[in-house]
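# Examining the three-dimensional arrangement
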Amino acid sequence: MAEQFEVTQKGLEEAKKRLKYLQMEKRQEIVDRIAEARSHGDLSENAEYDAARNEQAANEGEILELEYKIKNAIVVEESTDTKSVHIGVKVRVYDEDMEEEDVYEVTGSMEADPKNNKISNESPVGKALLNSKVGDRVKVAAPQGEYFLLIKEIFID
């Protein structure tokens, strides 16, 4: 059985849009750069050619990954319920060790973007937060060790 990926409808549409861009636009841009680099002659010492081929491999890898995830996506219903943490809500937490607050948006793995505090329900923080309520103190089992977060607020923009 294939691995399944939870995603909101919005996240699925964004993934499809990204896939189309990679297949239709970026793929052609890379092919054009490879052709340009080939026209410069000796490929054995052509860094531009090597870079374009590496980018082509990375692009094709991302295409395959997105195709697989889209094919195995399960769209979760978006809910306005803020009684507990689930995919689609934002959570204000207090990190006891760091003595600071953060806001995370809990998403499916296809939508995760840690740089923008969009965390996957499959990540250590996401797993710890799921189904918790305001006031709960949750233990995060991170690779660097355990730590605790206090849930201060659950909301939707």
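To start, this report covers the structure provided alongside it. Quick caveat: nothing in here was measured; it's all calculated off a predicted structure.

For the rest of this paragraph, the subject is the nonpolar core. In terms of nonpolar packing, the biggest core is built from 19 residues, with V85, V91, V125, L129 and I151 touching the most fellow members. Elements with a minimum of two residues in this core: β3 (90–95), β4 (100–107), α3 (124–129), β6 (137–142) and β7 (145–155). A total of four residues in this core trace back to one element, the largest contributor, which is β7. Those residues in contact with I151 that lie beyond four places of it in its chain are V85, V91, R92, V93, L129, S132, K133, V134, G135, D136 and V138. In this structure, F5, L12, A15 and L66 belong to the second largest nonpolar core, which totals ten residues.

Below, the discussion takes up helix α2 (residues 47–71). Its 25 residues place the ends of α2 36 Å apart at the C-alpha level, agreeing with the 36 Å of an ideal helix rising 1.5 Å per residue. By the burial criterion, the buried members of α2 are Y49, A52, N59, I63, L66, K69 and I70.

Let's shift gears to the packing of helix α1 (residues 9–38) against α2. Interaxial distance between α1 and α2 falls to 9 Å at its minimum, and their mutual angle equals 160°. Here α2 runs roughly antiparallel to α1, going by the angle between their axes. Between α1 and α2 the crossing geometry is left-handed.

Right, let's talk about the layout of surface pockets for a bit. Approximately 590 Å³ is the volume found for the largest pocket. If you trace the largest pocket, you find 26 residues lining it, with T8, G11, E14, E111 and K118 closest to the centre. Among the elements of the structure, α1, α2 and β4 are those that each provide at least two residues to the lining of the largest pocket. A per-element tally of the lining of the largest pocket places α1 first, with five residues. In terms of residue class, the lining of the largest pocket is built from seven nonpolar, seven polar and twelve charged.

Each value, and the rule that gives it
Residues numbered from 1 in each chain as written. Predicted model: local features only at pLDDT ≥ 70, side-chain atom pairs only at ≥ 80, totals over all residues. Heavy atoms only, no water. Core = buried A, V, L, I, M, F, W, Y, C linked by side-chain atoms within 4.5 Å. Buried < 20%, exposed > 50% of the residue type's maximum accessible area, 1.4 Å probe, protein only. Helix = DSSP H or I, 4+ residues; strand = E, 2+ residues; numbered from the N terminus. Contact = heavy atoms within 4.5 Å. Expected span 1.5 Å × (residues − 1). Axes fitted to C-alpha atoms, helices over the stretch in contact; angles between N-to-C directions. Parallel < 35°, antiparallel > 145°, perpendicular 65-115°, else oblique. Left-handed = near helix turned anticlockwise from the far one by under 90°. 1 Å grid on protein atoms, 1.4 Å probe; cavity = no way out; pocket = protein on both sides within 12 Å on 5 of 7 lines; lining within 4 Å. Points joined across faces, edges and corners; volume = space filled by probe spheres on them. Nonpolar A, V, L, I, M, F, W, Y, C, P; charged D, E, K, R; others polar.

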